[in-house]
Amino acid sequence: MNLIACQLVPSYEGNRIEEAVERLFLLLGPDAAPRPGMRVTIKPNLLMKRRPEDGTTTHPAVVRAVILALRRRGVTDITIADSPGGVYTKPILSGIYQATGMEAVAKETGAKLNFDLSAVHCPQPDGAVCKAFDLIAPVAEADFVISLPKLKSHCMTGLSGGVKNLFGCIPGLTKPEFHWRYPKEDDFCNMLLDLCRTVKPGLTLVDAVVSMEGDGPSSGELRQTGFLLAADDPFALDLALARAIGREGNSILTIRNARQRGFCTQSAAELAIAGDPLPVFSDFKMPRSRTVDFQSNIPKPLRGIAKPVIARFFTPRPVIDPKICVGCGRCAESCPAHTITVENRKAAIHRENCIKCYCCHEMCPVHAISVKRSRILEKL
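**Observations concerning the nonpolar core**
Working step 1: Membership of the largest hydrophobic core comes to 77 residues, with the highest contact counts inside it found for Ile17 and Leu228.
Working step 2: In terms of residue count, the dominant contributor to this core is helix H2 (residues 60-72) (eight residues).
Working step 3: Not counting residues within four places of it along the chain, the set of residues in contact with Ile17 comprises Val9, Ser11, Tyr12, Ala61, Val62, Ala65, Val209 and Leu228.
Working step 4: Residues Leu239, Ala242, Ala244 and Leu271 belong to the second largest nonpolar core, which totals 25 residues.

**Examining the packing of aromatic side chains**
Working step 1: Taken as a whole and judged by the stated rule, the model has six aromatic pairs.
Working step 2: When the ring of Phe133 is compared with that of Phe178, the centres are 5.8 Å apart and the planes differ by 10 degrees; the resulting orientation is stacked. Within this pair, whereas Phe133 is found in strand S6 (residues 132-136), its partner Phe178 is found in helix H7 (residues 174-181), the two being separated by 45 residues in sequence.
Working step 3: For Phe133, a relative accessible area of 0% gives the class buried.
Working step 4: Residue Phe178 is classed as buried on the basis of its relative accessible area, which comes to 4%.

**Observations concerning unusual backbone geometry**
Working step 1: Each neighbour pair has its own omega, and for Gly216 with Pro217 the value is 20 degrees, a cis peptide bond.
Working step 2: The phi torsion at Arg345 lies on the positive side, around 65 degrees, for a residue other than glycine.
Working step 3: The topology assignment puts Arg345 in the loop between strand S14 (340-343) and strand S15 (346-349).
Working step 4: Using a relative accessible area of 63% as the deciding quantity, one classes Arg345 as exposed.

**A short note on a nonpolar patch on the surface**
Working step 1: Judged by side-chain polarity, Ile324, Val326 and Val366 come together as a nonpolar surface patch covering roughly 200 Å² of accessible area.
Working step 2: Structurally, the position occupied by Ile324 is in the loop between strand S13 (317-320) and helix H12 (330-334).

**Details of empty space enclosed by the protein**
Working step 1: According to the stated counting rule, one finds three cavities of 30 Å³ or more in the structure shown.
Working step 2: As a volume, the largest cavity reaches approximately 310 Å³.
Working step 3: Taken together, 26 residues form the lining of the largest cavity, with Leu47, Lys164, Phe167, Lys175 and Glu362 sitting closest to its centre.
Working step 4: When contributions to the lining of the largest cavity are tallied by element, the ones reaching two or more residues are strand S8 (150-154), helix H6 (162-165), H7 and helix H13 (359-363).
Working step 5: Grouping the amino acids of the lining of the largest cavity by side-chain chemistry returns nine nonpolar, eleven polar and six charged.

Procedures and definitions
- Residues numbered from 1 in each chain as written.
- Predicted model: local features only at pLDDT ≥ 70, side-chain atom pairs only at ≥ 80, totals over all residues.
- Heavy atoms only, no water.
- Core = buried A, V, L, I, M, F, W, Y, C linked by side-chain atoms within 4.5 Å.
- Buried < 20%, exposed > 50% of the residue type's maximum accessible area, 1.4 Å probe, protein only.
- Helix = DSSP H or I, 4+ residues; strand = E, 2+ residues; numbered from the N terminus.
- Contact = heavy atoms within 4.5 Å.
- Phe/Tyr/Trp six-rings, centres within 6.5 Å; stacked < 30°, edge-to-face > 60°.
- Patch = residues over 30% accessible without salt bridge, like charges linked within 9 Å, V, L, I, M, F, W, Y side chains within 5 Å.
- Areas by Shrake-Rupley, 256 points an atom, 1.4 Å probe, with all protein chains shown as cover.
- Salt bridge = Lys/Arg side-chain N within 4 Å of Asp/Glu carboxyl O.
- 1 Å grid on protein atoms, 1.4 Å probe; cavity = no way out; pocket = protein on both sides within 12 Å on 5 of 7 lines; lining within 4 Å.
- Points joined across faces, edges and corners; volume = space filled by probe spheres on them.
- Nonpolar A, V, L, I, M, F, W, Y, C, P; charged D, E, K, R; others polar.

Encoded structure:
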């Protein structure tokens with residue numbers, strides 16, 4: 001059985017996180033930890049320049065606790081690395097490290113902050129849709145990768161957990177190119193599975209002390225969920241996370257595809273939970289952008305006719321509020337279809353080319369972009 005370690009933690013205050021992380025390492029056993037002499041890369045979720053209390057990024061208390069646990073095990077070569085959304089440059093990284101608390105953690109613990117902007121070409125011959133990835137150097141060259149996602153809902157995949165967190169291993173503006181290459185959600189999620197099998201994180205530990213529900217991963221609502229979860233298998237961990245947010249079915253596309261490809265068990269009930277009981281939040285809010293597969297209920301001869309109608313009237317779409325928009329251009333910068341322009345300091349989406357990847361919604365720093373659903377769907 002896949003072992004999942006769980007610890008209930010009510011807050012980030014005091015030594016609670018450090019004690020809980022140490023307990024997670026003990027529950028999983030020595031094989032889930034890197035050995036002395038290994039080059040270890042810690043990959044948190046540093047989506048954008050946000051403060052820890054905003055709940056968009058992995059909390060620095062969790063990163064600090066993991067580093068201290070590694071130090072106690074004799075690991076000294078530790079690098080904190082991520083490729084946030086948008087441009088991948090040293091000034092951008094520096095600002096994000098400072099805002100998210102990673103700079104302070106590095107100074108206290110002696111861990112290194114990554115400023116190496118190079119990438120390494122990594123083949124994936126067994127990939128279902130993608131046969132190779134260019135990964136940021138500290139991840140590709142590490143002996144052991146520890147993934148530290150933040151539990152959040154996600155407008156495209158449904159869940160931002162262990163698998164989705166690894167999308168930050170792809171450098172900078174290469175990420176929007178993947179949205180362009182794989183505009184269909186099913187293909188995009190299969191690409192994420194291929195990526196996960198390429199990175200091969202040795203440990204995944206999710207920050208779910210304060211999570212984000214609703215229109216995540218950056219514009220949702222914060223919720224006190226009060227737990228940390230860890231596993232050496234990111235697919236099994238995501239299955240446990242889905243259970244925790246009341247989504248055990250196939251509504252999480254990465255989990256559905258992982259099941260189909262034999263990467264994880266069919267039921268969360270088959271997981272072995274060690275430590276504290278896994279909490280379940282059955283009323284956890286999901287994104288308004290969840291899709292409804294009307295076509296499966298339409299006779300095949302009529303699906304070609306129905307497809308454009310469904311795409312126009314039933315597919316959720318990003319909408320810009322000009323009263324909030326500050327014209328920073330982050331949406332245009334991250335748009336893989338290049339369908340957003342900024343004119344007179346206001347962004348505009350040219351809908352005929354929009355592939356509905358929601359990158360603009362994800363990257364807007366002032367929450368000027370929302371995901372609107374059909375009024376008919378709002379009643380479903």
